[in-house]
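Okay, here's what each chain looks like letter by letter:
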Amino acid sequence: MNARRVRHALWMAFRFAFAGAVLVAAVALVFVGLGSNYSFEWDQALRFLDWYNRGLVVTLELFAFSAALAISLGLLVALLRLSPWGPVRDLAGLYVHTFRNLPALVVLLLFFFGLGQVIQLRTIALFGREYNNIFLWGVIAFGVYESSYLGETFRAGIQSVHKTQVEAAQSLGMNYLQRMIYVVLPQALRVILPPLTGTLVALVKETALIYLVRGIGDLTDQTRQLAVPTRRPYIFEFYTILVAYYLAIVIPMSALSQWLESRLGISRALRRGHDG
């Protein structure tokens, strides 16, 4: 058993090292290709790291609030999909299949220029920071979109718990909520965690789309404001720094997702849930 884990760890390390080497080689080729026609100004570009750090804070806030909403809505959708009442299951299924079949950008546009024009959300203050109407609609749009995926993940995880476990809890006098909290969800986490982290990785990357709708000072928006050719000609450097920031966020999350998948495994029930 230990030997197999060591081999797996070595294989994962080799994969990441190989991928890193390919990435470094690709970047090096780009730099070599630009070298003769482009004058690099890294010293100038790196002076604006404070801009990126402010954008990083906004991106992480947008991700955190959107993830919290997506997880909450996803769990609710999963429970509705498992409801004994057919009309409730149908409505939840319609919700899931509608948003899962739309591009994230389309959902963002729908909320901003559809509902956002009808309902003006008030600026709220949390933890000493203020979040305006644009930020809040972004949270709602990303949260709703990702909840359609997480709903199926949670549903498959819940269904992976053997019914005898539920029947045993019921025989002990537990009500529905108690069975879910103390029996079903703790066991379902083994199945839910790997794809959950994968969905959160996708959410981090999707937050970059918000700058196409309206700037809120996130990482991509901050870079766009800096990379104005008429003001600062070193555009390539700015976008390279942006890439580095996103990789610093996403790579550890992706590694965690792969580690959880190999460590915990994904049940057949989960695969059926995604296929359905």
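Note that this is a predicted model, so its numbers are computed, not measured. (Residues numbered from 1 in each chain as written. Predicted model: local features only at pLDDT ≥ 70, side-chain atom pairs only at ≥ 80, totals over all residues. Heavy atoms only, no water.)

**Observations regarding the packing of helix α4 (residues 86-100) against helix α6 (residues 133-159)**
Part 1 of the reasoning: Between α4 and α6, the least distance of the axes is 8 Å, while the angle of their chain directions is 120°. Classified by the interaxial angle, the pair formed by α4 and α6 is oblique. The way α4 lies across α6 gives a crossing that is left-handed. In contact with Tyr-95, Val-96, Phe-99 and Arg-100 of α4, α6 contributes Val-144, Tyr-145, Ser-147, Ser-148, Tyr-149 and Glu-152.
Part 2 of the reasoning: Of the residues belonging to the contact of α4 with α6, the class tally is six nonpolar, two polar and two charged. (Axes fitted to C-alpha atoms, helices over the stretch in contact; angles between N-to-C directions. Helix = DSSP H or I, 4+ residues; strand = E, 2+ residues; numbered from the N terminus. Parallel < 35°, antiparallel > 145°, perpendicular 65-115°, else oblique. Left-handed = near helix turned anticlockwise from the far one by under 90°. Contact = heavy atoms within 4.5 Å. Nonpolar A, V, L, I, M, F, W, Y, C, P; charged D, E, K, R; others polar.)

**What to know about the packing of aromatic side chains**
Part 1 of the reasoning: Per the counting criterion, the structure on display carries eight aromatic pairs.
Part 2 of the reasoning: An angle of 85° between the planes, with centres 6.1 Å apart, marks the rings of Phe-65 and Phe-135 as edge-to-face. Of the two residues, Phe-65 sits in helix α3 (residues 49-81) while Phe-135 sits in helix α6, which places them 70 residues apart along the sequence.
Part 3 of the reasoning: Ring pairs connect the aromatic residues Phe-65, Tyr-131 and Phe-135, which therefore count as one cluster. (Phe/Tyr/Trp six-rings, centres within 6.5 Å; stacked < 30°, edge-to-face > 60°.)

**Let's talk about the confidence of the model for the chain**
Part 1 of the reasoning: Put simply, the chain has an average pLDDT of 84, and 89% of its residues get 70 or more.
Part 2 of the reasoning: By mean pLDDT, helix α12 (residues 268-275) is the weakest element of the chain at 42, and α3 is the strongest at 95. (pLDDT = per-residue confidence, 0-100.)

**Let's talk about the environment of Glu-41**
Part 1 of the reasoning: Inspection of the secondary structure puts Glu-41 in the loop between α1 (2-35) and α2 (42-45).
Part 2 of the reasoning: According to the relative accessible area criterion, Glu-41 is partly exposed, its value standing at 28%.
Part 3 of the reasoning: As a C-alpha pair, Glu-41 and Phe-238 span 197 residues in sequence and 9.9 Å in three-dimensional space. (Buried < 20%, exposed > 50% of the residue type's maximum accessible area, 1.4 Å probe, protein only.)

**Remarks on the pattern of salt bridges**
Part 1 of the reasoning: This structure, assessed with the given rule, holds four salt bridges.
Part 2 of the reasoning: Linking Glu-152 and Arg-81 is a salt bridge whose minimum nitrogen-to-oxygen distance equals 3.1 Å. Here Glu-152 is found in helix α6, whereas its partner Arg-81 is found in helix α3, with 71 residues between them in sequence.
Part 3 of the reasoning: The exposure class assigned to Arg-81 is buried, which follows from its relative accessible area of 17%.
Part 4 of the reasoning: The partner of Glu-152 in a salt bridge is Arg-155, with the nearest N and O atoms 2.8 Å apart. With Glu-152 and Arg-155 both in helix α6, this residue pair falls three residues apart, about one helical turn.
Part 5 of the reasoning: When its relative accessible area of 1% is taken as the criterion, Glu-152 is described as buried.
Part 6 of the reasoning: What makes Arg-155 buried here is its relative accessible area of 13%. (Salt bridge = Lys/Arg side-chain N within 4 Å of Asp/Glu carboxyl O.)

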